[in-house]
Amino acid sequence: MQPADDQWIRDARRAIGDRVRVQRLHLNFTQERLAELTGLDRSTIQRIEYGGESKTSHLLLIARELRVHVSHLLS
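All values reported here derive from a predicted model rather than from experimental measurement. (Residues numbered from 1 in each chain as written. Predicted model: local features only at pLDDT ≥ 70, side-chain atom pairs only at ≥ 80, totals over all residues. Heavy atoms only, no water.)

## Here we look at the overall build of the protein
Thinking step 1. Secondary structure summary: the protein contains five helices and zero strands in total.
Thinking step 2. Of the regular secondary structure in the protein, the N- to C-terminal order runs α-α-α-α-α.
Thinking step 3. For the protein, whose C-alpha radius of gyration is 12 Å, the value lies close to the compact-globule estimate of 11 Å for 75 residues.
Thinking step 4. In terms of overall dimensions, the protein has C-alpha extents of about 40 × 20 × 20 Å along its principal axes. (Helix = DSSP H or I, 4+ residues; strand = E, 2+ residues; numbered from the N terminus. Rg over C-alpha atoms; globule rule 2.2 N^0.38 Å.)

## Considering the side chain of Arg 24
Thinking step 1. Secondary-structure assignment places Arg 24 in helix H1 (residues 3-26).
Thinking step 2. Those residues in contact with Arg 24, other than ones at most four positions away along the chain, are Phe 29, Thr 30, Gln 31, Leu 34, Glu 49 and Leu 66. (Contact = heavy atoms within 4.5 Å.)

## Quick notes on the nonpolar core
For soluble globular proteins, the rule of thumb is that nonpolar side chains tend to be buried together.
Thinking step 1. Ranked by internal contacts, the top residues of the largest apolar core, which has 16 residues, are Val 20, Leu 34, Ile 45, Ile 62, Leu 66 and Leu 73.
Thinking step 2. Broken down by element, the residue count for this core peaks at four residues, all from helix H4 (residues 56-66). (Core = buried A, V, L, I, M, F, W, Y, C linked by side-chain atoms within 4.5 Å. Buried < 20%, exposed > 50% of the residue type's maximum accessible area, 1.4 Å probe, protein only.)

## Points about the side chain of Glu 65
Thinking step 1. By secondary structure assignment, the location of Glu 65 is in helix H4.
Thinking step 2. Residues within four places of Glu 65 in sequence aside, it is in contact with Leu 27, Phe 29, Leu 34, Leu 37 and Thr 38.

## Points about the packing of helix H2 (residues 31-38) against helix H3 (residues 42-49)
Thinking step 1. Closest axis-to-axis distance for the H2/H3 pair is 8 Å, and the angle between their directions is 115°. Crossing of H2 over H3 shows right-handed handedness. Along the contact surface, H2 presents Gln 31, Glu 32, Leu 34, Ala 35 and Thr 38, while H3 presents Arg 42, Ile 45, Gln 46 and Glu 49.
Thinking step 2. Counted by class, the contact of H2 with H3 contains three nonpolar, three polar and three charged residues. (Axes fitted to C-alpha atoms, helices over the stretch in contact; angles between N-to-C directions. Left-handed = near helix turned anticlockwise from the far one by under 90°. Nonpolar A, V, L, I, M, F, W, Y, C, P; charged D, E, K, R; others polar.)

## A short note on the packing of H2 against H4
Thinking step 1. Here H2 crosses H4 at 110°, and the two axes come no closer than 9 Å. The orientation of H2 with respect to H4, classified from their angle, is roughly perpendicular. Residue-level inspection shows Leu 34, Leu 37 and Thr 38 of H2 in contact with H4, the latter providing Leu 61, Ile 62, Glu 65 and Leu 66.
Thinking step 2. Within the contact of H2 with H4, the residues separate by chemical class into five nonpolar, one polar and one charged. (Parallel < 35°, antiparallel > 145°, perpendicular 65-115°, else oblique.)

## Topic: the environment of His 72
Thinking step 1. As for its position among the elements, His 72 is in helix H5 (residues 70-74).
Thinking step 2. Spatially, the C-alpha atoms of His 72 and Leu 34 are 17 Å apart, while their sequence positions differ by 38 residues.

Structure below.
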């Protein structure tokens, strides 16, 4: 991969994390509450919100509890 591609990926992951955080706050959920609802660790929620790696299955669980389609988080 070229460095420009790496930056695009980092930017896209940050954007996904931002959308997760905005929707979570809209529903007045803490990271802990979202973790409890999804069965994920709070550290996983935190990592996703800060633009870290995420599994598709994790995003699907998060989208369900945030009451949005997963495509909303990815677009």
